Amino acid sequence: MGEYDVAVIGYGPTGMTLAALLGQRGHRVVVLERYTGLYNLPRAACFDDEIMRTFQKLGLAGEIGRGAVVQRDYEWINAAGETLVELTYADPAPCGWAQLYMMFQPYVEDVLDRHDKALPSVAVHQGASVTELVQDEAGVTLRGTREGGAGFSVRARFVVGADGGNGFTRGMVAEAADDYGFQENWLVCDFRMRRVVPGLPMFRQVCDPAQPTSIVRIGPDHHRFSFMLNPGETREEATRPERVWGRVARYITPEDAELIRAVNYVFRSRIADRWRRGRVLLAGDAAHEMPPFLAQGMCSGIRDSHNLAWKLDLILTGRADAALLDTYQEEREPHVRFITERAIELGRVQTMRDPAKARERDERLLAQRRAKREPEKLRFPPLSGALIAGNGGLFPQGTVSDGARSGLFDDVVGNGWCIVAADPHPIDALTADQRAAWEAIGGHLAVIGAPEGLEDCAGVYAEWFAANDCSVAVVRPDWYVYGTARDEEGLAALLQRIGCALQGRGALIPS
């Protein structure tokens, strides 16, 4: 099959996105997928504004958006039908897109698949199972078999395993997995809707101790019902169509919808101890598995891909040391652990089977509603580590105008590293050497709000700079804030640290 910059093992959303991001930069990528075709059945149900911003980066936001539905609220009800919790989702959210999109995963994968296969530097091989991995100082050799038994060999500078928790690559990288011990047995039933059903819940958690249930719209034309199985209930019994229709009878009938899948899942919560061994890395479910109660499994895998893609781009183009990959797990694991632990916490609250404890939960949550106490909003933690000098939060994306056109920030300014300033003076003070070094790592410069800068059409950036008590931000290619400063001296110090972090040579040290 030849030699490549990066080999990706696994062709789900994590692998597809990584191949697309690297292919967009012109890197030679080979994807090896053991199955001969796409899965074509839904697993994940939704994605958030950060993920849509990633699709925007690929030029796919419009097409993917046509197959998704903006979700504006989420409710928990008890067995009596009383509302326990009601959450609302912003539109737009900080990344410039709606906070929550309900999707039909096969549609999203079709869009990504067509995009990947159209990229000239990306080769996708389906029906190719990897069975051997050998790495040396210069690269990695992969061997395996195609469908039909023919062997193949691939050579790549780096390998990313995105082949799931039970895939080949985890065993090559990780020595163990941290198991949170949270396992639940669920029946997941997906339907293609034949017609609109008035009153059908769009996003609801039924906190009934006799039968915990999730009801989720998955894209424009599909719906999912998930039921926590009872002790002793077998897979064969639970997945029988007549049993499934009995469970959903109060909501839909066969005249309303077609049952396309009924499958028994055991939700797990495991995080691999190592995500990198030399030139081989793990991403997505290969690195971490989480229960679905925050709907962040696919999102977390795509965040892994984005984190890896821009770092690999710098390494492959000689602008950074391979040691930069040490920051990958350092940054992503705490983020993933936070989400996993919160998902477990929510799952335990939503799925209480003890009637007495469920009544206590209901009374507590109903009392909070009567007191008009808003539910706590989920806020992901900022990144930290060697490639974060301060802040570490997501930089927002608002609408800006350069006088000739208006649009979302990334479309107007461009992708990659960016120095964004509310005051032009720190940027004006950059030396010629600093500017050249900044451009060498793909950096952009943007002034917002000043008379000669971009127009801050909705005041997003004025609010952000005021809230963060700064006038300049250095933003990474994945939109996380490397650091903030108030003046040119602070900016120069940040650039010096970036140079040391990327290559250890002080490439951005002021002259």
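The structure contained in this document is the topic of the report that follows. The model shown is predicted, which means the values in this text are computed figures rather than measured ones. (Residues numbered from 1 in each chain as written. Predicted model: local features only at pLDDT ≥ 70, side-chain atom pairs only at ≥ 80, totals over all residues. Heavy atoms only, no water.)

1. Side note on helix α13 (residues 432–440)
Thought 1: Among all positions of α13, only Gln434, Ala437 and Trp438 are buried. Down the axis of α13, the smallest arc covering the buried residues is 100°, so these residues share one side. Turned more than 90 degrees from where α13 packs its buried face, Ala432 and Glu439 sit exposed.
Thought 2: Gly442 occupies a position one or two residues after α13 and carries a positive phi of about 85°. (Buried < 20%, exposed > 50% of the residue type's maximum accessible area, 1.4 Å probe, protein only. Helix = DSSP H or I, 4+ residues; strand = E, 2+ residues; numbered from the N terminus. Arc of directions from axis to C-beta.)

2. A short note on the pairing of strand β13 (residues 184–193)
Thought 1: Burial analysis of β13 places 8 of its 10 residues in the buried class, the great majority of the element.
Thought 2: Relative to strand β17 (residues 257–267), β13 runs antiparallel, the two sharing 10 bridges. Residue Leu187 lies in a different strand from β17, and its bridge partner there is Asn264.
Thought 3: Sheet analysis places β13 next to strand β16 (residues 222–228), joined by 7 bridges and oriented antiparallel. Bridged to Arg192 within β16 is His222. (Pairing = 2+ DSSP bridges.)

3. Points about the packing of helix α2 (residues 49–57) against helix α8 (residues 297–316)
Thought 1: Closest axis-to-axis distance for the α2/α8 pair is 10 Å, and the angle between their directions is 45°. The angle between α2 and α8 places the two elements in the oblique class. Handedness of the crossing formed by α2 with α8: left-handed. Two secondary-structure elements touch here, α2 through Glu50, Ile51, Thr54, Phe55 and Lys57 and α8 through Cys299, Ile302, Arg303 and His306. (Axes fitted to C-alpha atoms, helices over the stretch in contact; angles between N-to-C directions. Parallel < 35°, antiparallel > 145°, perpendicular 65-115°, else oblique. Left-handed = near helix turned anticlockwise from the far one by under 90°. Contact = heavy atoms within 4.5 Å.)

4. A closer look at the layout of surface pockets
Thought 1: Estimates place the volume of the second largest pocket at around 280 Å³.
Thought 2: Around the second largest pocket sit 16 residues that line it, and Arg25, Lys57, Asp313, Gly416 and Pro477 are the ones nearest its centre.
Thought 3: Breaking the lining of the second largest pocket down by element, the ones donating at least two residues are α1 (13–24) and α8.
Thought 4: Broken down by element, the lining of the second largest pocket gets its largest block of residues, 5 residues, from α8.
Thought 5: Of the residues contributing to the lining of the second largest pocket, the split by class is 7 nonpolar, 5 polar and 4 charged. (1 Å grid on protein atoms, 1.4 Å probe; cavity = no way out; pocket = protein on both sides within 12 Å on 5 of 7 lines; lining within 4 Å. Points joined across faces, edges and corners; volume = space filled by probe spheres on them. Nonpolar A, V, L, I, M, F, W, Y, C, P; charged D, E, K, R; others polar.)

5. Re the side chain of Ser471
Thought 1: With respect to the element layout, Ser471 can be found in the loop between α14 (460–467) and β27 (472–475).
Thought 2: Among the polar contacts made by the side chain of Ser471, one reaches the main-chain carbonyl oxygen of Arg486 at a distance of 2.9 Å.
Thought 3: Setting aside its immediate chain neighbours within four residues, Ser471 contacts Val420, Ala421, Ala422, Asp423, Phe465, Ala485, Arg486 and Asp487. (Polar contact = N/O pair within 3.5 Å; in protein donor to acceptor, adjacent residues only side chain to side chain.)

6. Here's the deal with the packing of aromatic side chains
Thought 1: Counted under the stated rule, the structure contains 21 aromatic pairs.
Thought 2: Taken together, Phe191, Phe225, Phe227, Trp245 and Tyr251 form an aromatic cluster joined through their ring pairs.
Thought 3: Above the ring of Phe158, the side-chain terminus of Arg279 is found at 4.9 Å from the ring centroid. (Phe/Tyr/Trp six-rings, centres within 6.5 Å; stacked < 30°, edge-to-face > 60°. Lys NZ or Arg CZ within 6 Å of the ring centre and 35° of its normal.)

These figures come from the coordinates and say nothing about function on their own.
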